[in-house]
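# Structural features, examined
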Amino acid sequence: MTFPLQIPENPYLLLTPGPLSTTGTVKAAMLRDWCTWDTEYNDLVQGIRRQLVELTGSDRFTAVLMQGSGTFCVESAIGSMMPPGGKLLILANGAYGLRMAAIARYLNISHEVHNSGEMAPPDLARLEQTLAADTAITHVAVVHCETTTGLLNPVEHIGPLVRKAGRLFMVDAMSSFGGIPMDPEAWGIDVLISSANKCIQGVPGFGFILARRDVIRQWEGQARSLSLDAYDQWQTMETHGGKWRFTSPTHVVRAFSQALAELAEEGGIKARHRRYQKNQQLLRNGMQELGFAPLLPEALQSPIITAFLHPPLPGFSFPGFYNRLKRRGFVIYPGKVSVAECFRIGSIGEVYPQSIQALLEAVDWATGFLPDSGR
Ligand SMILES: *Cc1c(COP(=O)(O)O)cnc(C)c1O
């Protein structure tokens, strides 16, 4: 054979919030082929849908899986849930909130954006006033963990206001679902979106929409796109025992099923959340000791990803820093905010406090040679 079977080693740990480092067992689950219309495969899909609903803690929800990256799923949800003539109010404080506005613009959906800036949670008094004054608004959308900065939005306070005002509430929980305990029913969430390659620790290839059954039933015929029609996909899955309408990412789906089993084995969302919190606290404290200031105050910070300001060291450059860390086995993220020069480090995935400890040693090494580093 010209190409002998070889399992490659991972040259680095991904400290990026999706795709992230996965376990060997999740990757190994992809080493077989599946027939998409065989019942064995469709049963696997049904099992995944059931387990996702269980993670919401409420049997009023139902799950629909959708091909593509997380954004495809957000676009699918927005394009399918908005009735003709509906208006979407988007509470934005980062790139992912603004992306929802871009989706609404592309789909010609009437919308309004409350942008509180990258460093501040939404203004809840303004939200209440707007919902009281503008009766055209039918839906409100927000990002739970704004991955741009790592800011955690107070979804548990927003949802009840939206529900009290009689509107529907959609949450992009892409980078938080599975890693932060949530109570969608008590928080007044009608539609929640996440993807395979974030806190559930699968590999990229599809996302999922968790919607209240009574809500998704209303979506028939509303979608602005055939392939992203969440209602039609849901109907097909419901009535054909877990069948996707078009080719599904079979290997990715099998890996996701393994990732869900590993989430349960770890002790569920609460246990995973504790590990992420430990990672993040160690990271934040350790980086501060090395002279790096976090962008956000601790009160706004999620355990998912942390943005740090570039240090005031002459000679510091992000590409140089990135390459030195990569050589030591760690890959981090560039910044994404407009307010300051930052880089970001994720604390999710197959990452443990000892991984963070090793990263801190690598950061010390990667900057210790700079003049004025004090080291
Ligand atoms: C990752 C992410 C998305 C989706 O991004 P893709 O690159 O399309 O997977 C959407 N919203 C948030 C908050 C995210 O973190």
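Rules of the game
Residues numbered from 1 in each chain as written. Predicted model: local features only at pLDDT ≥ 70, side-chain atom pairs only at ≥ 80, totals over all residues. Heavy atoms only, no water. Pairing = 2+ DSSP bridges. Helix = DSSP H or I, 4+ residues; strand = E, 2+ residues; numbered from the N terminus. Near = heavy atom within 4 Å. Polar contact = N/O pair within 3.5 Å; in protein donor to acceptor, adjacent residues only side chain to side chain. Areas by Shrake-Rupley, 256 points an atom, 1.4 Å probe, with all protein chains shown as cover. Expected span 1.5 Å × (residues − 1). Buried < 20%, exposed > 50% of the residue type's maximum accessible area, 1.4 Å probe, protein only. Arc of directions from axis to C-beta. Contact = heavy atoms within 4.5 Å. Phe/Tyr/Trp six-rings, centres within 6.5 Å; stacked < 30°, edge-to-face > 60°. Lys NZ or Arg CZ within 6 Å of the ring centre and 35° of its normal. Axes fitted to C-alpha atoms, helices over the stretch in contact; angles between N-to-C directions. Parallel < 35°, antiparallel > 145°, perpendicular 65-115°, else oblique. Nonpolar A, V, L, I, M, F, W, Y, C, P; charged D, E, K, R; others polar.

With that settled, the discussion passes to the sheet that holds strand E11 (residues 305-309). Pairing is antiparallel across the open sheet formed by three strands, whose spatial order is E11-E14-E13. Every interior strand has two partners, whereas the edge strands, E11 and strand E13 (333-334), have only one. Sheet topology places E13 next to strand E14 (residues 342-346); two bridges connect them, and they run antiparallel. Bridge pairing links Pro 334 to Phe 343 in E14.

Another point: the site of the ligand. Every residue lining the ligand is accounted for by Ser 69, Gly 70, Thr 71, Tyr 96, Arg 99, Val 143, Cys 145, Thr 147, Asp 172, Met 174, Ser 175 and Lys 198. Between Asp 172 and the ligand, the recorded distance is 2.7 Å, taken from a side-chain N or O atom to a nitrogen atom. Relative to its free-state accessible area of 380 Å², the ligand is covered by the protein chains to the extent of 85%. Sorting the residues of the shell around the ligand by element identifies helix H3 (70-81) and helix H4 (95-106) as the ones contributing at least two each.

This next bit is on H4. For H4, with twelve residues, the first-to-last C-alpha span of 16 Å sits near the 16 Å given by 1.5 Å per residue. Among the residues making up H4, those that are buried are Tyr 96, Gly 97, Met 100, Ala 101, Ile 103 and Ala 104. All buried residues of H4 project into a common sector of 160° when viewed along the axis, lining one side. Away from its buried face by more than 90 degrees, H4 exposes Arg 105 and Tyr 106. Of the surrounding secondary structure, the elements contacted by the buried residues of H4 are H3, strand E3 (87-92), strand E4 (110-115), strand E5 (137-143), strand E6 (145-146) and strand E8 (168-172). Directly beyond the C-terminal end of H4, a positive phi value near 60° is found at Asn 108.

Throughout the structure, instances matching the rule amount to 14 aromatic pairs. Summarising the aromatic geometry, the rings of Phe 318 and Tyr 322 are spaced 5.9 Å apart at their centres and angled 45° between planes, so their arrangement reads as tilted. Here the residue Phe 318 and the residue Tyr 322 both occupy positions in helix H11 (residues 318-327), the gap between them amounting to four residues, near one helical turn. Aromatic rings pair up to connect Phe 292, Phe 308, Phe 316, Phe 318, Phe 321, Tyr 322 and Phe 343 into one cluster. Above the plane of the ring of Tyr 352 lies Arg 275, whose end atom (NZ or CZ) is 4.6 Å from the centre. A cation over a ring is seen here: Arg 328 above Trp 365, with NZ or CZ 4.8 Å from the ring centre.

This part covers the sheet that holds E3. An order of E2-E10-E9-E8-E5-E3-E4 is seen for the seven strands of this open sheet, with the pairing classed as mixed. Each of the sheet's edge strands pairs with one partner strand only, and the pair in question is strand E2 (61-67) and E4. If you compare each strand with its neighbour and ignore which way they point, the axes differ by 20° on average. Bridge count between E2 and strand E10 (residues 206-212): seven bridges; the pairing is antiparallel. Counterpart to Ala 63 in the pairing with E10 is Leu 210. Contacting E3, E4, E5 and E8, H4 crosses the sheet at an angle of about 165° to E4.

Moving on, we come to the packing of helix H9 (residues 250-266) against helix H10 (residues 268-289). At a minimum axis separation of 7 Å, H9 and H10 run at an interaxial angle of 80°. When the interaxial angle is binned, H9 and H10 end up roughly perpendicular. Contacts between H9 and H10 pair Glu 262, Leu 263, Ala 264 and Glu 266 from the former with Gly 268, Ile 269, Ala 271, Arg 272 and Arg 275 from the latter. Residue composition of the contact of H9 with H10, by class: four nonpolar, one polar and four charged.

This paragraph deals with helix H2 (residues 39-56). In this model H2 runs 26 Å from its N-terminal to its C-terminal C-alpha over 18 residues, within 8% of the 26 Å that 1.5 Å per residue would give. Residues Tyr 41, Asn 42, Leu 44, Val 45, Gln 46, Gly 47, Ile 48, Arg 49, Leu 52, Val 53 and Thr 56 constitute the buried set of H2. Contact partners of the buried residues in H2: E2, E10, helix H8 (230-239) and H9. By the N-cap criterion, in which a side-chain oxygen at the helix start approaches the backbone nitrogen of a residue two or three places on, H2 is capped by Asp 38, the distance to Glu 40 being 2.9 Å. Taken from the residues just after H2, Gly 57 is the one with a positive phi, measuring 75°.

These results come straight from atomic positions and should not be treated as a statement about function.
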